[in-house]
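# Residue-level structural notes
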Amino acid sequence: MTNDQKSTAHFNVAQLRVDLWNRLRSEVQSIVSDTWESAKNTNHKKEALELLKNLAAVEQYYSFPGSKKVKKLQKSLEREEYVAVSRSVAEFVRQLVSDSYRSNPQFMKYKEEENQEDEGTEQAPRGARKNYFEVLFVDNLSKNEEEALRRKIGELREKDEHLVYDITVQRSFQDALIALLINFNIQSVVIRYAPPFKSGEINELLRPFLEKVIELDYSERSEEELGPILGKIIKQFRPELDVYYVTDTALQNLKDSTLKNFRRIFYRKDDIQELHLAILRGIRERYKTPFYTALKEYSKKPVGVFHAMPISRGNSVFKSRWIRDFGEFYGRNICLAETSSTSGGLDSLLQPTGTLKEAQEMASRAYGSRETFFVTNGTSTSNKIVQQALVEPGDLVLIDRDCHKSHHYGLVLAGALPVYLDSYPIEKYSMYGAVPLHEIKKTLLELKSAGRLDNVKMLLLTNCTFDGLVYNVEKVMEEVLAIKPDVIFLWDEAWFAFAGFTYTYKQRTGMFVANKLYNKYRSDSYRDRYKNHIESLSGDEVPSMPDPGKVKIRVYATQSTHKTLTSFRQGSMIHVWDEDFRRLVSDSFQEAYMTHTSTSPNYQILASLDAGRRQVQFEGYELVEKSVELAMSVRAKIHDHPVLKKYFRVLTVRDFIPDEFRPSGLDEYYTDQGGWNRMEDAWEHDEFVLDPTKITLAVGLSGIDGDTFKNKYLMDQYNIQINKTSRNSILFMTSIGTTRGSVAYLINTLLHIAGNLDEELPALNKKEKDIVEQRITSLMEDVPPLPDFSHFHSSFQAVKGVPGGDIRKAYFLAYRQENCEYIALDECLDILENGRELVSTTFVIPYPPGFPVLVPGQVISREIIRFLLVLDVKEIHGYRPELGVKVFKEKVLGTTETISAPTEVKTQED
Ligand SMILES: Cc1ncc(COP(=O)(O)O)c(C=O)c1O
């Protein structure tokens with residue numbers, strides 16, 4: 001650990017809070033179980049009082065149990081009411097851990113019950129499940145005023161309303177930010193009047209988690225300015241929240257920038273009832289799911305079906321004597337919701353004007369795009385749509401070679417010329433990292449020298465990668481735009497849909513950065529800085545800042561919603577932040593969308609995308625934070641456990657990212673000496689970071705390879721599914737669907753496997769032991785070097801000697817069998833030795849690692865053959881071992897012509 005890394009004993013405040021409550025429970029239980037006399041002599045009471053002091057500091061940011069109840073407990077404890085305290089604490093812990101206070105908030109008062117005492121948890125459950133949330137009031141109220149406000153809101157609350165809220169009052173700017181950071185229940189914020197800046201006192205236990213909040217220093221600003229500043233910060237960090245401003249400033253004196261950060265402005269004299277109704281209206285709007293609701297309504301209507309789809313209404317299933325079980329398995333609703341109708345409240349995905357249009361607009365707001373499109377055939381299709389919409393035959397696309405295969409096929413379809421970029425290799429674990437920025441810039445400058453920069457249309461990168469490597473999106477975009485100010489970025493965020501819902505991650509997403517840079521480049525301060533920057537350059541130095549007069553923000557992100565958020569399989573979204581979309585792209589986008597979209601898109605997938613959007617707007621922040629916390633707990637458990645660490649090792653940031661890309665010095669998320677290292681600085685500055693929810697476990701030390709570990713051990717014996725393996729590792733992921741129980745099961749399973757190895761290995765004889773040792777060495781050390789992209793054969797080079805090749809030409813040339821031949825893999829090296837060039841006709845994609853080692857038109861290097869020779873994976877797409885490597889016949893290569901560079905430079909307006 002470097003000096004500037006800061007570490008904490010808990011990963012986050014949620015962990016700290018639960019730990020404090022659990023410790024309190026055990027201290028007060030100990031007091032109760034001790035005799036009266038000895039209780040007085042033990043430290044338990046002192047400990048409990050100390051815990052309560054810390055809990056009071058934490059609970060001030062929550063409504064339940066909240067600091068008021070903690071203070072009551074303190075008093076009871078001082079009065080030695082041990083049994084009562086113990087009972088209350090146990091009940092609070094139960095409610096907090098089970099979350100039951102949220103779905104059945106029994107402590108709420110309703111309109112007609114305002115005279116009843118609020119005694120915490122004792123009231124009877126009332127009817128249907130409630131959706132509980134909290135409203136943060138930022139206002140320097142006295143305790144009595146706070147109680148009066150709570151009472152007034154209780155009087156307004158309707159018994160049958162499923163949306164119920166309590167208030168949490170924060171009396172300073174800093175405390176409001178702290179509450180927003182740690183209290184997941186907050187859904188609306190009311191900034192009333194002018195709060196002071198500084199928090200009274202921030203508890204020492206909380207401080208390490210709040211550094212980013214404490215760094216925001218507005219102490220010099222007047223209190224009148226603080227409300228609007230707070231509104232602006234919330235808009236950036238938690239844009240899904242509704243924020244209201246209560247002020248005395250006359251409307252004509254409020255700046256536009258203030259107005260746009262608030263959902264509504266209220267005046268001091270306005271009635272609290274208006275505010276209450278506005279809060280509920282805001283929540284209801286977010287709760288709305290236009291398409292899902294329309295589909296639900298449609299499914300209730302008794303309709304005669306005289307169009308396609310015998311399955312709709314379940315008629316072909318439930319009346320069947322042979323497949324009724326199928327209907328019973330899925331339930332009636334899935335059939336009732338199956339229809340090919342686009343009317344009756346439903347809508348057409350191909351030309352949406354109603355509920356699907358609205359659902360996509362709501363998704364666009366939630367994901368921070370300018371336009372969002374639902375796709376029902378996975379990101380494989382989203383990628384092809386975006387490419388076809390944006391690139392024309394002959395355009396150059398800079399692309400990471402180890403990207404998903406849909407991109408390579410997309411390029412073939414679009415006729416674009418790929419310029420492959422190599423990611424740095426992580427040789428020890430047979431994986432690729434990501435493409436360093438210097439590699440991207442070097443390639444762009446090479447193309448510039450060759451007079452080809454104008455043909456570069458797109459930069460396409462995978463963020464994050466399957467293994468969890470995350471780019472510094474802002475840095476990449478800034479420095480690339482400095483060289484080519486109109487380049488289009490396609491960020492493949494197939495694994496990153498969840499990232500938009502917590503700030504640390506969000507700042508590395510395409511949509512967030514697009515918006516940020518758009519505003520930045522339009523500011524006067526940027527123009528001044530740019531001018532100074534240009535003046536400071538010497539000779540042929542390349543500017544590292546984009547020219548604000550030329551730069552265009554054109555960013556696309558494709559996300560497999562189904563991979564990391566709630567959606568049925570294949571649910572995907574295309575998010576667009578392209579300032580030229582309407583003017584230049586919408587028509588070609590529509591064509592591309594039509595090309596790839598079924599005329600019978602799956603309604604269940606669309607409804608799930610709509611419902612998933614509602615979910616992330618209400619609980620995305622909480623669920624993503626929890627999935628990170630769970631991932632961190634898996635990392636810590638494996639790292640610390642004496643038996644597990646003998647056979648397994650969770651790969652660290654250092655294993656994945658070379659030092660040169662990590663100026664923050666963060667090399668591990670967790671160490672046994674220091675606990676948790678804070679990740680925020682690294683995520684703000686480093687060139688690459690590792691998404692902790694992608695946990696790569698090196699299993700080679702157990703003598704078992706990744707594939708066998710996945711299939712024979714995890715799947716066959718323990719029913720644990722994982723996605724990816726390498727030769728000596730496996731990849732686990734936590735997501736918003738991961739539970740504490742499933743994490744415990746995983747750890748238990750690893751313990752079983754390790755326990756079995758502990759028993760088996762000592763029982764081996766010498767020879768057997770040698771074999772195991774050799775296997776471990778082979779898995780961990782004899783790893784074949786990953787081959788770089790060689791080059792396109794001159795017949796398929798866009799321009800001789802310049803990066804970029806015509807993959808489409810090679811692809812279709814191979815459709816004629818007479819152009820191709822097969823060569824046995826073990827003969828290839830000799831053939832190369834004799835001077836013949838071998839050129840692949842197809843994509844060859846070993847799985848794992850799952851990226852093409854060969855693409856059509858690529859020259860087969862010795863390294864690639866050596867890699868394929870030692871590769872011991874079962875699946876190699878595009879290669880049939882019984883036939884050999886498919887290559888072009890020599891005579892074909894001699895006759896194909898190199899494509900010449902376009903004589904004219906096209907501009908996008910042409
Ligand atoms: C980086 C990347 N992009 C795109 C895809 C395709 O996504 P989908 O399965 O939604 O078609 C995948 C699938 O694994 C992927 O890993």
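So, a few notes on the structure that sits alongside this text. (Residues numbered from 1 in each chain as written. Predicted model: local features only at pLDDT ≥ 70, side-chain atom pairs only at ≥ 80, totals over all residues. Heavy atoms only, no water.)

### Re the side chain of Asn203
Along the chain, the position of Asn203 falls in the loop between β4 (186-192) and α9 (211-215). Assessed through its relative accessible area of 15%, Asn203 is described here as buried. In this structure the side chain of Asn203 is engaged in a polar contact, spanning 2.7 Å, whose partner is the backbone nitrogen of Leu205. Residues within four places of Asn203 in sequence aside, it is in contact with Asn54 and Ala57. (Helix = DSSP H or I, 4+ residues; strand = E, 2+ residues; numbered from the N terminus. Buried < 20%, exposed > 50% of the residue type's maximum accessible area, 1.4 Å probe, protein only. Polar contact = N/O pair within 3.5 Å; in protein donor to acceptor, adjacent residues only side chain to side chain. Contact = heavy atoms within 4.5 Å.)

### Considering the site of the ligand
Around the ligand, the surrounding shell consists of Gly378, Thr379, Ser380, Asn383, His404, Thr462, Asp492, Ala494, Trp495, Ser560, His562 and Lys563. Interatomic distance of 2.6 Å between a side-chain N/O atom of Ser380 and an oxygen atom of the ligand. One of the side-chain nitrogen or oxygen atoms of Asp492 is found 2.7 Å away from a nitrogen atom of the ligand. In the complex, 84% of the free accessible area of the ligand, which totals 390 Å², lies under the protein chains. Here the shell around the ligand is composed, by residue class, of 2 nonpolar, 8 polar and 2 charged. (Near = heavy atom within 4 Å. Areas by Shrake-Rupley, 256 points an atom, 1.4 Å probe, with all protein chains shown as cover. Nonpolar A, V, L, I, M, F, W, Y, C, P; charged D, E, K, R; others polar.)

### Comments concerning the sheet that holds strand β21 (residues 694-698)
The strand order β17-β21-β23-β22 describes an open sheet built from 4 strands, whose pairing is antiparallel. For this open sheet the edge positions go to β17 (649-650) and β22 (724-725), each flanked by a neighbour on one side alone. Examined bridge by bridge, β22 and strand β23 (residues 729-733) share 2 bridges and lie antiparallel to one another. Bridge pairing links Lys724 to Leu731 in β23. (Pairing = 2+ DSSP bridges.)

### Section: the packing of aromatic side chains
The geometry of an aromatic ring pair is captured by two quantities: the separation of the ring centres and the angle between the planes. Taken as a whole and judged by the stated rule, the model has 51 aromatic pairs. Ring centres of Phe466 and Trp495 lie 4.5 Å apart, and the angle between their planes is 25°; this geometry places the pair in the stacked category. Residue Phe466 is located in the loop between β12 (456-462) and β13 (469-471), and its partner Trp495 is located in the loop between β14 (488-492) and α22 (503-506); the two are separated by 29 residues in the primary sequence. Note on Phe466: relative accessible area 23%, which makes it partly exposed. By the ring-pair criterion, three or more aromatic residues cluster together here, those being Tyr424, Tyr471, Phe489, Trp491, Phe661 and Phe688. Over the face of the ring belonging to Tyr518 we find Arg370, whose NZ or CZ atom lies 5.1 Å from the ring centre. Over the ring of Tyr518 we find Arg522; its NZ or CZ atom is 4.0 Å from the centre of that ring. (Phe/Tyr/Trp six-rings, centres within 6.5 Å; stacked < 30°, edge-to-face > 60°. Lys NZ or Arg CZ within 6 Å of the ring centre and 35° of its normal.)

### As for the environment of Val190
As for its placement among the helices and strands, Val190 is situated in strand β4. Under the relative-accessibility criterion, Val190 is labelled buried at 0%. Sequence separation between Val190 and Val887 is 697 residues, and the spatial gap between their C-alpha atoms is 67 Å. Here Val190 is in contact with Val135, Leu136, Phe137, Val138, Tyr244, Val246, Leu275 and Ile279, once residues within four sequence places are set aside.

### Considering a nonpolar patch on the surface
Taken together, Trp322, Ile323, Phe326, Phe329 and Tyr330 make up a surface patch of nonpolar side chains, about 650 Å² in accessible area. You can see Phe326 is positioned in helix α15 (residues 324-330). (Patch = residues over 30% accessible without salt bridge, like charges linked within 9 Å, V, L, I, M, F, W, Y side chains within 5 Å. Salt bridge = Lys/Arg side-chain N within 4 Å of Asp/Glu carboxyl O.)

### Considerations on the environment of Gln615
With respect to the secondary-structure elements, Gln615 resides in helix α27 (residues 603-640). If near-sequence neighbours (up to four positions away) are discounted, Gln615 is found in contact with Thr566, Gly620, Leu623 and Ile736.

### As for helix α26 (residues 581-596)
Compared with an ideal rise of 1.5 Å per residue, which puts 16 residues at 22 Å, α26 spans 19 Å between its outermost C-alpha atoms and falls more than 12% short. Within α26 the residues assigned to the buried category are Phe581, Val585, Phe589, Ala592, Tyr593 and His596. Lining the buried residues of α26 we find α17 (355-367), β7 (371-375), α18 (378-390), α19 (405-414), β15 (554-559) and β16 (572-578). (Expected span 1.5 Å × (residues − 1).)

### Observations concerning the pattern of salt bridges
One pass over the full model with this rule turns up 59 salt bridges. Between Glu622 and Arg102 there is a salt bridge, with the nearest N and O atoms lying 2.7 Å from each other. On the criterion of sequence distance, the pair formed by Glu622 in helix α27 and Arg102 in helix α6 (residues 100-103) is long-range, its members being 520 residues apart. We classify Glu622 as buried; its relative accessible area is 6%. For Arg102, a relative accessible area of 15% translates into the label buried. The salt bridge partner of Lys646 is Asp758, with a shortest N-O separation of 2.8 Å. Residue Lys646 is found in helix α28 (residues 644-647), and its partner Asp758 is found in helix α32 (residues 740-760); the two are separated by 112 residues along the sequence. Note on Lys646: relative accessible area 45%, which makes it partly exposed. Under the relative-accessibility criterion, Asp758 is labelled partly exposed at 27%.

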